[in-house]
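Below, each chain spelled out in residue letters.
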Amino acid sequence: WFFGLFFFQEMEKLIACVHKRPDALCRLICFPWAGGGTLQLAQWGKLFSDSIEVFCVRFPGRETRHKEPFAKDMTSMVNEVTSVLLKELKEKPFAFFGHCFGSQLSFAVALHLKEKYGLEPVHLFVSGGDAPHSEGFLATKSSPISDVKDEEILAYIKILGGTPSDLLHNEDIRKQIMVTFREDIRVLQTLSFEKAEMDIPFSCDITCFNGSDDKVYDVQAWQELTSGDTSFYELPGGHFYLLEPSNQSFLTKHITRCIENAGL
C-alpha cells in the first residue's frame, strides 16, 4: 500500500483533474504555457462529454508546488510526467493538448513514450507553438533569456495577453509571474531534437491551432513529425485565443470529434 500511497500523492501533485471520469474511453492530457498554471485548462474537464477525462499537468514552482524548485531542464520534466502517468497511459488511450511551451513539452513527452515504451497518443493537438526543429523554435532557443531585463519580460507578457492586468499590478504576483516565465523559457531552451537524425517519430494525427492575430508558426514543420494526417485551424484572437469562450467551445468540440474518429 505504501507504493500505492506514494503514487497517489505524486499524481495529486502533478495532475489537476477537476472532473473525474473513471469510465471515460480516453484521457486528454493538457500541458499549459510558459509561466502558466492549471487553472484554465483543467476547467475544460467540465466542457467534454463523459467519454473524455481531462488531466492538466502542473509544473514545479507554482500553485500547490510553489515551494518546489523549478525544473532544471526539459528531460527532468519529461521524466516526471512519464513516470507518474505511465500506469494511466498504459491503461487506456490518451491524447495530448499543449499550448505554446506546452506544445513543445507534449511533443517531448510523446517522443519519450514512443521511444522507450512504444506508446503513442491517439492524437496530438498543438496550439500556438513552433515545432521543435523549426527555425522559429531555434530562434527561441538561442535568445539569451538570462540577459533579458524584467521590464522587457513584463512588456512581452502584456503583449501576449492571457494574464489579468490586476494580477500584474500586484508587485509580488508580478514578480512571481516573471520569474516563472523566465524559468520556463530556460527549460524550453534545453529541448534538443534533431529531425535529420531520425525517422518520422509519430504515426498519430496532429492538429495545429493558432490565433489569427498571433505570430505565424511553421505548420509544415509539425507535418514532418508524423506519417498521420496534419490539419491546421486558425481561430480569431491573439496568442491566448484559446481563453475565449467561443474558441473553447470550438476546440472542445473539434478535439472530441478527432478522438472519437480515432476509433477507440
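An account of the accompanying structure is given in this report.

Cut-offs and rules
- Residues numbered from 1 in each chain as written.
- Predicted model: local features only at pLDDT ≥ 70, side-chain atom pairs only at ≥ 80, totals over all residues.
- Heavy atoms only, no water.
- Core = buried A, V, L, I, M, F, W, Y, C linked by side-chain atoms within 4.5 Å.
- Buried < 20%, exposed > 50% of the residue type's maximum accessible area, 1.4 Å probe, protein only.
- Contact = heavy atoms within 4.5 Å.
- Helix = DSSP H or I, 4+ residues; strand = E, 2+ residues; numbered from the N terminus.
- Pairing = 2+ DSSP bridges.
- Axes fitted to C-alpha atoms, helices over the stretch in contact; angles between N-to-C directions.
- Parallel < 35°, antiparallel > 145°, perpendicular 65-115°, else oblique.
- Phe/Tyr/Trp six-rings, centres within 6.5 Å; stacked < 30°, edge-to-face > 60°.
- Salt bridge = Lys/Arg side-chain N within 4 Å of Asp/Glu carboxyl O.
- Expected span 1.5 Å × (residues − 1).
- Polar contact = N/O pair within 3.5 Å; in protein donor to acceptor, adjacent residues only side chain to side chain.

### Topic: the nonpolar core
Within the largest apolar cluster, 79 residues are counted, with the highest numbers of intra-cluster contacts made by Leu28, Trp44 and Phe97. Ignoring sequence-local partners within four residues, the contact set of Phe97 consists of Leu28, Ile29, Cys30, Phe31, Leu41, Trp44, Phe125, Ser127, Phe209, Leu242 and Ile255.

### Focus on the pairing of strand β2 (residues 26-31)
With six of its six residues buried, β2 lies for the most part within the structure. Residues Cys26, Leu28 and Cys30 of β2 are buried on one face, and the alternating residues Arg27, Ile29 and Phe31, pointing to the opposite face, are buried as well. The pairing of β2 with strand β3 (residues 52-57) spans five bridges and is classified as parallel. The partner of Arg27 across the bridge, within β3, is Glu53. With five bridges joining them, β2 and strand β4 (residues 94-99) adopt parallel strand pairing. Within β4, the position partnered with Cys30 by the bridge is Phe97.

### Some thoughts on the packing of helix α6 (residues 150-160) against helix α8 (residues 171-188)
Contact geometry for α6 and α8: axes closest at 10 Å, N-to-C directions at 90°. Classified by the angle between their axes, α6 and α8 sit roughly perpendicular to one another. In this structure, α6 uses Asp150, Ile153, Leu154, Tyr156, Ile157 and Leu160 to contact α8, whose residues at the interface are Arg174, Ile177, Met178, Phe181 and Arg182.

### Points about the environment of Glu135
Locating Glu135 in the fold gives a position in helix α5 (residues 135-142). Given a relative accessible area of 71%, Glu135 falls into the exposed group. Between the C-alpha atom of Glu135 and that of Ala221, which follows or precedes it by 86 residues, the distance is 9.1 Å.

### Here we look at the packing of aromatic side chains
For the structure on display, the rule yields 11 aromatic pairs. Geometrically, the ring pair formed by Trp33 and Phe240 is edge-to-face, given 5.0 Å between the ring centres and 75° between the ring planes. Separated by 207 residues along the polypeptide, Trp33 in the loop between β2 and α2 (39-42) and Phe240 in the loop between β7 (230-235) and α10 (245-261) bring together distant segments of the chain. Each member of the pair, Trp33 as well as Phe240, is classed as buried. A centroid spacing of 5.5 Å and a plane angle of 80° characterise the contact between Phe59 and Phe101, whose relative ring orientation is edge-to-face. Residue Phe59 is located in the loop between β3 and α3 (74-91), and its partner Phe101 is located in helix α4 (residues 101-117); the two are separated by 42 residues in the primary sequence. Phe59 sits in the buried class, given a relative accessible area of 2%.

### Focus on unusual backbone geometry
For Glu63, which is not glycine, the phi torsion reads 50° and is therefore positive. Mapped onto the fold, Glu63 is located in the loop between β3 and α3. The residue Cys100 is not glycine, and still its phi comes out positive at about 60°. Residue position: Cys100 is located in the loop between β4 and α4.

### Quick notes on the sheet that holds strand β6 (residues 205-211)
Taken in spatial order, the seven strands make up an open sheet running β1-β3-β2-β4-β5-β6-β7, and their pairing is mixed. Strands at the two margins of the open sheet, each flanked by one partner only, are β1 (15-16) and β7. Taken strand by strand, α10 contacts β2, β3, β4, β5 (123-127), β6 and β7, and its axis lies near 175° from that of β6.

### Digging into the pattern of salt bridges
A side chain with one charge may pair with a side chain of the opposite charge, provided their charged atoms come close. Counting across every chain of the model gives 16 salt bridges. Where Glu53 meets Arg27, a salt bridge forms, and the shortest distance between an N and an O atom there is 3.0 Å. Linking Glu53 in strand β3 with Arg27 in strand β2, this pair joins segments that are 26 residues apart in sequence. Arg27 shares its class with Glu53; the two are buried. A salt bridge links Lys87 to Glu91; the nearest nitrogen and oxygen atoms lie 3.8 Å apart. Placement of both Lys87 and Glu91 in helix α3 is noted, with a separation of four residues, approximately one turn of the helix. Overlapping salt bridges, with partners in common, bring together Glu10, Lys13, Arg65, Glu68 and Glu80 in one network.

### Let's talk about α3
The terminal C-alpha atoms of α3 lie 25 Å apart, and with 18 residues this matches the ideal 26 Å at 1.5 Å per residue to within 8%. Every buried residue belonging to α3 is among Met74, Met77, Val78, Glu80, Val81, Thr82, Val84, Leu85, Leu86, Glu88 and Leu89, and all of these are buried. The N-cap of α3, judged by a side-chain oxygen 3.4 Å from the amide nitrogen of Thr75 a few residues on, is Asp73.

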